[in-house]
Amino acid sequence: MRRLNKNSGDPPRYSDLGDNDGSRDQQTRFGLTPLKLMGGLVVCLMLLSVLFSISVIFKDSNLNGIWAVADARVLDTVPTRDLGEEDVPLESFVQPKKKLHFSGLEHDDKLLGGLLSNQFDDESCLSRYQAASYRKDSPYKPSSYLISRLRRYEALHKRCGPYTESYNRTVANLRSGGKPDEASDCNYLVWVSFSGLGNRILTLSSAFLYALLTDRVLLVDRGVDMADLFCEPFPEASWLLPLDFPITDRFKSLNQESPECFGNMVKLSSNSSTLLSSSYVYLHLVHDYNDHDKLFFCDQDQSFLQKVPWVIMKSDNYFIPSLFLMPTFEQELHSLFPEKETVFHFLGRYLFFPTNPIWGLITRYYQAYLAQADERIGVQVRVFDTRPGPFEYVLDQILACSLDNDLLPEINPNKSFVASSGNQKSKAVLLTSLSSGYFEKIRDMYWEHPTVTGEVIEVFQPSHEGYQQTEKKMHHRKAWAEMYLLSLTDKLITSSWSTFGYVAQSLGGLKPWILYKPENETTPNPACTRAMSIEPCFHAPPFFDCKKRTGIDTGEVVPHVRHCEDMAWGLKLVDPAINSIA
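Residues numbered from 1 in each chain as written. Predicted model: local features only at pLDDT ≥ 70, side-chain atom pairs only at ≥ 80, totals over all residues. Heavy atoms only, no water.

Here's the deal with the packing of aromatic side chains
In step 1: With the rule as written, the count across this model stands at 31 aromatic pairs.
In step 2: Ring plane angle 50° and centroid distance 6.3 Å describe the contact between Phe297 and Phe538, whose orientation is recorded as tilted. Of this pair, Phe297 sits in the loop between strand S7 (280-285) and helix H10 (299-302) while Phe538 sits in the loop between strand S14 (528-530) and strand S15 (561-563), placing them 241 residues apart in sequence. Like Phe538, Phe297 is buried. (Phe/Tyr/Trp six-rings, centres within 6.5 Å; stacked < 30°, edge-to-face > 60°. Helix = DSSP H or I, 4+ residues; strand = E, 2+ residues; numbered from the N terminus. Buried < 20%, exposed > 50% of the residue type's maximum accessible area, 1.4 Å probe, protein only.)

See the structure below:
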């Protein structure tokens with residue numbers, strides 16, 4: 001920033017101005033004399049000069065982008081409000097206050113190593129460029145090829161997105177039921193909003209990667225609240241499916257028996273003529289999909305889709321690991337993601353930014369309860385027992401995992417206090433659960449007893465909804481805020497089979513300790529295991545050799561696709577250099 005410069009001509013001194021008035025009578029010195037009038041005028045001129053210089057400096061600073069640098073800022077905090085409030089005024093969290101430091105690190109890469117475009121208006125989505133201020137630097141860096149492909153996709157989306165000439169022409173053809181327009185250079189993938197929020201985030205990232213690999217334009221069905229939860233990820237064009245899209249009313253009825261279903265078409269057709277004459281094809285990649293639906297993951301059957309302008313996809317699976325088993329995409333995926341376990345880490349950080357009201361929930365909670373701690377521990381509890389909790393065996397499992405892996409210290413039940421060493425460390429535990437019982441018991445344990453290490457343990461839980469409410473807008477706002485808060489912790493414990501936990505760990509670049517799924521209401525021993533990678537698990541993968549048309553173990557085909565720690569039949573991406581096959 002430029003320093004404040006003096007004007008080229010210094011204002012005259014008061015003594016100089018008074019030289020010609022030395023013969024004035026003494027009784028006029030307290031009156032309104034020409035000398036005093038001139039002095040007052042000079043003072044006013046000096047003040048105006050200073051104010052003008054300052055305004056020029058700040059104007060230049062903005063023009064030169066000085067305030068656009070992400071200096072790891074903290075947002076102004078306001079009195080803490082309940083996460084349940086529907087509307088959050090923008091002005092309550094938009095003002096930058098000061099730099100935020102994590103263990104001496106200062107963030108200055110708001111574009112995440114080039115992952116993000118710089119073409120957005122900062123205030124339209126505050127989290128896009130401020131999120132880096134709340135995270136430690138990621139040890140993972142996006143490949144230059146991924147960055148170039150994202151910029152290329154953004155150009156494609158701008159050229160073919162909603163209400164462009166190509167979109168309007170292709171939609172008109174779809175509305176009329178005509179054959180595919182061979183002259184069109186824009187093909188589309190429509191993702192249908194379906195299932196819980198964690199599933200939606202993971203399947204939408206899967207759909208985007210498939211669109212990237214096949215040069216399709218991704219359009220997102222709005223569902224109940226997609227526009228409310230996430231900022232637009234692509235500059236100068238929306239990813240939301242227009243409300244006047246001609247077949248939106250058919251989405252709910254599309255299923256495996258629909259004539260447009262890919263699996264059904266493959267089963268009933270001896271050749272690809274039926275597919276090539278279709279204006280759209282429905283992909284059923286839900287957990288109950290059948291063997292014909294799963295042929296989507298075979299190169300020879302995948303080729304049927306290349307000339308179909310509209311592909312409608314419904315899924316509740318993170319199916320990316322199976323894309324890595326397809327020879328057609330092998331080289332491209334290797335170039336995009338040299339580190340195989342970073343796929344959702346980068347796609348998630350590129351696609352999913354909380355809207356301004358939700359960013360307000362996140363930042364206010366973080367500042368009020370987590371920012372000042374020396375270490376932040378996240379605990380995500382998902383219990384599949386449908387009875388009302390809390391359950392003692394689950395609480396014992398959480399504590400066993402935390403204590404056995406030195407995530408939390410033991411308590412000293414025989415002492416009422418531990419003398420302060422003068423340098424007490426503090427740990428903030430962020431616990432998320434539908435039940436408040438686990439939070440209350442752990443909080444009381446560390447309130448009633450000192451720790452053997454002298455550390456101060458504070459336990460927090462943002463909400464406790466009681467049960468999953470998939471159609472309630474505020475429920476999803478809270479869920480998204482809590483996933484994001486968990487991703488800002490330093491260490492993380494998650495529950496088996498939980499897509500909520502998968503999202504948090506991958507966004508945060510964290511290898512969590514995964515709580516084993518309890519059986520027979522008994523605490524497992526050991527209570528948890530460390531994840532092999534930060535990637536989510538594909539819960540319902542195909543076990544099929546596309547060439548031999550026989551069943552195989554798809555977790556043994558390539559070294560970077562392994563079975564999951566929490567689901568023996570699931571698949572996940574790992575770094576083969578770290579996780580060699582035993």
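Some words on the sheet that holds strand S8 (residues 310-315)
The pairing of strands in a sheet comes from backbone hydrogen bonds and takes either a parallel or an antiparallel form.
In step 1: Pairing is parallel in the open sheet, where four strands are placed in the order S6-S5-S8-S7. Two strands bound the open sheet, and with one partner strand each, they are strand S6 (216-220) and S7. In this sheet, adjacent strand axes meet at a mean angle of 25° when their direction is disregarded. (Pairing = 2+ DSSP bridges. Axes fitted to C-alpha atoms, helices over the stretch in contact; angles between N-to-C directions.)

Some thoughts on the packing of helix H6 (residues 197-214) against helix H17 (residues 473-487)
In step 1: At a closest axis distance of 10 Å, the pairing of H6 and H17 adopts a crossing angle of 65°. Mapping the contact onto sequence places Leu197, Gly198, Arg200 and Ile201 in H6 and His476, Ala479, Trp480 and Met483 in H17.
In step 2: Counted by class, the contact of H6 with H17 contains five nonpolar, two polar and one charged residues. (Contact = heavy atoms within 4.5 Å. Nonpolar A, V, L, I, M, F, W, Y, C, P; charged D, E, K, R; others polar.)

Considerations on empty space enclosed by the protein
In step 1: Under the definition given, this model contains four cavities of 30 Å³ or more.
In step 2: The computed volume of the largest cavity comes to approximately 60 Å³.
In step 3: Together, Leu112, Ala131, Ala132, Arg135, Arg349, Phe352, Phe353, Tyr484 and Leu507 line the largest cavity.
In step 4: Of the residues contributing to the lining of the largest cavity, the split by class is seven nonpolar, no polar and two charged. (1 Å grid on protein atoms, 1.4 Å probe; cavity = no way out; pocket = protein on both sides within 12 Å on 5 of 7 lines; lining within 4 Å. Points joined across faces, edges and corners; volume = space filled by probe spheres on them.)

With respect to the confidence of the model for the protein
In step 1: When pLDDT is averaged along the protein, the result is 82, and 76% of the positions lie at 70 or above.
In step 2: Considering only residues more than four positions removed or in separate chains, one finds that residues 1-32, a stretch of pLDDT under 50, has 31 contacts.
In step 3: Within the model, the stretch residues 52-108 combines pLDDT values under 50 with 113 contacts to residues more than four positions away or in other chains. (pLDDT = per-residue confidence, 0-100.)

Focus on the sheet that holds strand S13 (residues 513-515)
In step 1: The six strands lie next to each other as S11-S10-S9-S12-S13-S14, forming an open sheet whose pairing is mixed. The sheet terminates laterally at strand S11 (456-460) and S14, the two strands that pair on one side only. Taken over all neighbouring pairs, the strand axes of this sheet differ in orientation by 20° on average, direction set aside.
In step 2: Of the strands in this sheet, strand S9 (375-380), strand S12 (491-495), S13 and S14 touch helix H15 (residues 392-404), which is tilted by about 160° from S13.
In step 3: Contacting S9, strand S10 (426-432) and S12, H17 crosses the sheet at an angle of about 150° to S10.

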